[in-house]
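Inside the fold
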Amino acid sequence: TVIGVLASGRGSNLQAIIDAIQAGRLDAKIGVVISDNPEANVLKRMAGVDIQALCIDRRLFASRRQFEDAVAEELAIHHVELVVLAGFMRILSQYFIDRFAGKIMNIHPSLLPAFPGENAQAQALAYGVKVTGCTVHFVDAGMDTGPIILQEAVPVLGTDTVETLSERILHAEHILYPRALALYCAGRLTAAGRHVNIIDKE
Ligand code: GRF
């Protein structure tokens, strides 16, 4: 499966995906990495790596539609079959989502539907939950509302700050995202409405 990664920032989940491919845990190829942010660390990370990476700067487009068309065109050029959001900080429109129906995944640092949107770790701390985690889900037009693929629980400790909690969740993310992608690439995910089922290995 050829995947296209959209990322706006640090790129540690992308790194975990690259590592999983190299280790033979994920049978996929990264066709292209696209960032909407020219300053993104994820692009610096790609500098010495043999993977196509480029920036499509939202600010250079008059409308979201034109920006999304440029992204979709680049994904098509690289024959991308699955779009992987890894710290992509923009909401995709219904228009874009329809073009890749059922073929866009995201990872979010909470146990959805709790704490959607930005600063999920701070939201969890402020609420006082004892357990949070991370969620890999298919993307729909809502904010972190799409069908859930995998989740991993992470404890919240009394001594946690946003930084320590985020780090613990991030560690779980780096294991969970490649696992979800591997299931997809092995054809082991089936979706029936909101429900994603995992087919057992024969
Ligand atoms: C992760 O916490 C992810 O859950 C959220 O954005 C962050 C991206 O981190 N969607 P990185 O860029 O992969 O390091």
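Residues numbered from 1 in each chain as written. Predicted model: local features only at pLDDT ≥ 70, side-chain atom pairs only at ≥ 80, totals over all residues. Heavy atoms only, no water.

Digging into the overall build of the chain
To keep things clear, this is the line we draw: Every helix listed is a DSSP run of H or I at least four residues long, and every strand listed is a run of E at least two residues long, numbered separately from the N terminus. When we talk radius of gyration, it's over C-alpha atoms, and the globule rule is simply 2.2 Å times the number of residues to the 0.38. For the exposure calls, accessible area comes from a 1.4 Å probe over protein chains only, and a residue counts as buried if that area is under 20% of its type's maximum, exposed if over 50%, partly exposed in between. Pairs of residues are marked as contacts when any of their non-hydrogen atoms sit within 4.5 Å. We get accessible surface area from the Shrake-Rupley algorithm with a probe of 1.4 Å; when it comes to residues, only the shown protein chains can shield them.
Scanning the chain for helices and strands turns up six helices and nine strands. Since a compact globule built from 202 residues should have a radius of gyration of about 17 Å, the 16 Å found for the chain is in line with a globular shape. Residue burial in the chain is summarised as follows: out of 202 residues, 48% are buried. Of the contacts made within the chain by residues no fewer than 6 positions apart, 62% connect residues no fewer than 24 positions apart. Summing over all exposed atoms, the chain offers an accessible surface of approximately 10,200 Å²; the carbon and sulfur share of this is 53%.

Remarks on the packing of aromatic side chains
Going by this rule: To pair, rings of Phe, Tyr and Trp, with the six-membered ring standing in for Trp, must have centres within 6.5 Å; the planes then decide the type, stacked if under 30 degrees apart, edge-to-face if over 60, and tilted in the middle. Charge-over-ring contacts are defined here by two conditions on Lys NZ or Arg CZ: a distance within 6 Å of the ring centre and an angle within 35 degrees of the ring normal.
Enumeration over the complete set of coordinates arrives at four aromatic pairs. Measuring from ring centre to ring centre gives 6.0 Å for Phe 61 and Phe 67, while their planes differ by 70 degrees; the resulting arrangement is edge-to-face. Accessibility expressed as a relative area gives 25% for Phe 61, which makes it partly exposed. Each ring, one from Phe 96 and one from Phe 100, has its centre 5.1 Å from the other, and the planes form 35 degrees; the classification is tilted. One exposure class covers both Phe 96 and Phe 100, and it is buried. A cation over a ring is seen here: Arg 65 above Tyr 95, with NZ or CZ 3.6 Å from the ring centre. A cation over a ring is seen here: Arg 90 above Phe 67, with NZ or CZ 5.8 Å from the ring centre.

Notes on unusual backbone geometry
The amide bond that connects Leu 112 to the next residue, Pro 113, takes the cis arrangement and shows omega of 10 degrees. Mapped onto the secondary structure, Pro 113 falls in the loop between β5 (104-108) and α5 (120-127). The phi dihedral of Asp 144 falls on the positive side, at around 60 degrees, and the residue is not glycine. By relative accessible area, Asp 144 is classed as buried at 14%.

Section: the nonpolar core
Note the threshold: Nonpolar cores are built from buried Ala, Val, Leu, Ile, Met, Phe, Trp, Tyr and Cys residues. Side-chain atoms within 4.5 Å join them into one set.
In this structure, Ile 30, Met 105, Ile 149 and Tyr 177 are the most contacted members of the largest nonpolar core, which totals 40 residues. Here the element with the most residues in this core is helix α6 (residues 162-185); it accounts for ten residues. Ile 34, Val 71, Phe 88 and Ile 104 belong to the second-largest nonpolar core, a separate cluster that totals 21 residues.

A look at the pairing of β5
Keep this limit in mind: A strand pair is defined by DSSP finding two or more bridges across the two strands.
In terms of burial, β5 is largely enclosed, as five of its five residues are buried. Burial along β5 is two-sided: the face carrying Ile 104, Asn 106 and His 108 and the face carrying Met 105 and Ile 107 are both buried. Pairing between strand β4 (residues 82-85) and β5: three bridges, direction parallel. Each residue of the ladder has a partner; that of Val 84, found in β5, is Met 105. With four bridges connecting them, β5 and strand β6 (residues 131-138) associate as antiparallel partners. Bridge pairing in β6 places Met 105 opposite Phe 138.

Side note on the site of the ligand
Defined as follows: Residues are classed as near a molecule or strand on a simple rule: at least one heavy atom within 4 Å of it. In protein, a polar contact means a hydrogen-donor-capable atom and an acceptor-capable atom, both N or O and within 3.5 Å, with residues adjacent in sequence counting only if both atoms are side-chain atoms; elsewhere, any N or O pair within 3.5 Å suffices. Note on residue categories: nonpolar means Ala, Val, Leu, Ile, Met, Phe, Trp, Tyr, Cys or Pro, charged means Asp, Glu, Lys or Arg, and polar means any other residue, Gly included.
Around the ligand lies a shell formed by Arg 10, Gly 11, Ser 12, Asn 13, Gly 87, Ile 107, His 108, Pro 109 and Glu 173. Contact between the ligand and Asn 13: an oxygen atom at 2.8 Å from a main-chain N or O atom of the residue. Interatomic distance of 3.0 Å between a backbone N/O atom of Ile 107 and a nitrogen atom of the ligand. Relative to its unbound accessible area of 370 Å², the ligand is 87% covered by the protein chains. Those elements that provide at least two residues to the shell around the ligand are α1 (12-22) and β5. Across the shell around the ligand, the residue classes tally to two nonpolar, five polar and two charged.

Observations concerning the sheet that holds β5
In plain terms, the rule: Helix axes use the C-alpha atoms of the stretch in contact, all axes being lines fitted to C-alpha atoms, and the angles between their N-to-C directions lie in the range 0 to 180 degrees.
Spatial ordering of the open sheet is given by β3-β2-β1-β4-β5-β6-β7, a layout of seven strands whose pairing is mixed. Looking at strand neighbours, the two that pair on one side only are β3 (53-55) and β7 (148-155), the edges of this open sheet. Here the average twist between neighbouring strands, direction ignored, is 20 degrees. Both strand β1 (residues 2-6) and strand β2 (residues 29-35) contribute to a ladder of five bridges, which runs parallel.

By themselves, these are just geometric observations and shouldn't be taken as functional.
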